[in-house]
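Here is how the chains run, residue by residue.
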Amino acid sequence: MSPQHLQVELLPQKLLIVECSICCCGCECLSHTFCLSLPGAQGQFPIVQNMTVTEGGIANLTCRVEHNDNTSLQWSNPAQQTLFFGDKKALRDNRIELVRATSQELTISISEVTLADEGMYTCSLFTMPVKTAKAFLTVLGVPKKPEINGLTKPLLEGDQITLTCVTSGSKPAADVRWFKNEKEIKGAKEVNASGKTFTVKSSLQLLVNRHDDGVAYTCRVDHVSLTATHEETTQVLEVHYAPYVEIKHSIPAPLEGQYLKLECVPHGNPSPDPVLWTKDGGELPDLDRVIVEGRELTFMSLNKTDNGTYRCEATNHLGTSHAEYKLVVKDPNALPGPPDHALIGGIVAVVVFATLCLIIVLGRYLARHKGTYLTNEAKGADDAPDADTAIINADGNHAHAEEKKEYFI
């Protein structure tokens, strides 16, 4: 039956009585069959906001109107099921609760939100006609703790392995990063969709060597839902390798009577222990003065009979290695003493004095024998009428040039 409108005169406004099929038609109820519609709400629109919430969290949906004359508000889910009509709960879901219900606001909460709760929620203001506003609820899928696959223990030096980090359940897709002892390295990333969520993989290919023993590889997952922290998993590599050896000595130039310690330092995994000391390819002599304790070889008081090549050998199930130290014991009395600085200074002074004397004598000799020069001028050259006559007149005087010499002392 179509609604029948009855106009009732009330001061100072008019009210509309509408025959309704049900009482929750959006009007104020007068009876079980008639509702009251208030024209003052005709110009109002509900106001809502989109919301983003993390899976497992709480979503608060709020619908407001600025001015409302007791017209009812209603929230419905993406399936168009009514959640709350005013302060009346319409859907049996223990996760959905009323927060606030007034003539101007209807706020509800959804706890333990799941990905299935994502979608468009509708707030309706039951005027004539009904006015609606829509808010989209976005649910973030939280990525699971990552797992690292492909690692076996122990590894052998030279092995080639692929480490794969896997995390699932993220929405949107998570970001997976690799770290080698806290230093970031790049992996090969792969993203696969699974329903509303994503599975993300990242792989590392490694050629293992002895320097990787004890290295920590960490897979870290970053995601918008992990605001305060991140998920990560760490694996430490255990690499077995053949030993190598070095020998450390306590003094650089051993002298007779001194104390000397040689330390054999083997490197290997498993640890090559114990080590074997030999001298010149044979056993160690005079064990009363030479003490072997673990990896250390100690000489309490050196003498020249200790001279020789000492060898340290270390073995594990992957191989054997050795290092050698050649010991040469010197006589402290045969070593050159410190230089005599006074003698060196005297020799330098004598050399400098002799050099100065030589310079003075040489200077006086050169000054006394500077040389001779002719003082005879061409006589008659001044009175000659021309140059040719002057030259002829001057030739006759060359014979006396040697008679007149002047010495300059």
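As the structure is a computational prediction, the values presented were derived from the model and not from experiment. (Residues numbered from 1 in each chain as written. Predicted model: local features only at pLDDT ≥ 70, side-chain atom pairs only at ≥ 80, totals over all residues. Heavy atoms only, no water.)

Peer 1: What is the right way to look at the side chain of Lys 171 in this model?
Peer 2: By the secondary structure assignment, Lys 171 is in the loop between strand 16 (160–170) and strand 17 (175–180). Overall, Lys 171 belongs to the buried group, its relative accessible area being 13%. Here the side chain of Lys 171 touches Val 139 through a polar contact of 2.9 Å, landing on its backbone oxygen. Dropping the residues within four chain positions of it, Lys 171 is found in contact with Leu 115, Glu 118, Thr 138, Val 139, Leu 140, Gly 141, Lys 196, Thr 197, Phe 198 and His 223. (Helix = DSSP H or I, 4+ residues; strand = E, 2+ residues; numbered from the N terminus. Buried < 20%, exposed > 50% of the residue type's maximum accessible area, 1.4 Å probe, protein only. Polar contact = N/O pair within 3.5 Å; in protein donor to acceptor, adjacent residues only side chain to side chain. Contact = heavy atoms within 4.5 Å.)

Peer 1: Looking at this structure, how should I read the confidence of the model for the chain?
Peer 2: The predicted coordinates of low-pLDDT regions are not to be read in fine detail. Averaged over every residue, the pLDDT of the chain is 82; residues scoring 70 or more account for 78%. Counted against residues more than four places away or in other chains, residues 1–42, with its pLDDT under 50, gives 74 contacts. (pLDDT = per-residue confidence, 0-100.)

Peer 1: What exactly am I supposed to notice about unusual backbone geometry here?
Peer 2: Negative phi characterises most residues that are not glycine, and trans characterises most peptide bonds. Cis geometry marks the peptide bond from Asn 269 to Pro 270, where omega comes out at 5 degrees. Note that Pro 270 resides in the loop between strand 24 (260–269) and strand 25 (276–279). Located in the positive-phi region is Gln 80, a residue other than glycine, with phi close to 60 degrees. Among the structural elements, Gln 80 can be located in the loop between strand 7 (73–76) and strand 8 (82–85). Of the residues examined, Gln 80 reaches a relative accessible area of 52% and is grouped as exposed. If you check the backbone angles, Glu 182 has positive phi at about 75 degrees while not being a glycine. Positionally, Glu 182 belongs in the loop between strand 17 and strand 18 (183–185). Overall, the relative accessible area of 63% leaves Glu 182 in the exposed class.

Peer 1: What is the right way to look at the environment of Gln 235 in this model?
Peer 2: Relative to the helices and strands, Gln 235 is located in strand 22 (residues 231–236). Those residues in contact with Gln 235, other than ones at most four positions away along the chain, are Ile 148, Leu 151, Lys 153, Val 215, Ala 216 and Tyr 217.

Peer 1: How do you make sense of the state of the cysteines when you look at a structure like this?
Peer 2: The term disulfide refers to a covalent linkage connecting the sulfur atoms of a pair of cysteines. Per the counting criterion, the structure on display carries 3 disulfides. The side chain of Cys 165 participates in a disulfide bridge whose partner is Cys 219; the two sulfur atoms lie 1.7 Å from each other. Looking down the S-S bond of the Cys 165 and Cys 219 bridge, the torsion is -70 degrees, so its handedness is left-handed. Highlighted residues: Cys 165 in strand 16 and Cys 219 in strand 21 (residues 216–222), separated in sequence by 54 residues. Taking the relative accessible area as the measure of exposure, Cys 219 reaches 0% and is therefore buried. Each sulfur in the disulfide pair Cys 264 and Cys 312 lies 1.7 Å from the other. Taking the torsion about the S-S bond as the criterion, the Cys 264 to Cys 312 disulfide, at about -65 degrees, is left-handed. Separated by 48 residues along the polypeptide, Cys 264 in strand 24 and Cys 312 in strand 28 (residues 308–316) bring together distant segments of the chain. Take Cys 264: its relative accessible area is 0%, and that puts it in the buried class. (Disulfide = S-S within 2.5 Å.)

Peer 1: How do you make sense of the nonpolar core when you look at a structure like this?
Peer 2: In summary, soluble globular proteins display a tendency toward joint burial of nonpolar side chains. Counting residues in each nonpolar core, the largest one holds 23 residues, and the members touching the most others are Val 48, Leu 73, Trp 75, Ile 108 and Tyr 121. For this core, the secondary structure elements donating two or more residues are strand 6 (59–64), strand 7, strand 8, strand 11 (105–110), strand 12 (119–125) and strand 13 (131–140). At 4 residues, strand 13 tops the list of elements feeding residues into this core. Ignoring any residue separated from it by four or fewer positions in sequence, one finds Val 48 in contact with Thr 62, Cys 63, Trp 75, Cys 123, Ala 133, Lys 134 and Ala 135. By size, the runner-up hydrophobic cluster in this structure holds 20 residues, among which are Val 275, Leu 297, Leu 302 and Val 329. (Core = buried A, V, L, I, M, F, W, Y, C linked by side-chain atoms within 4.5 Å.)

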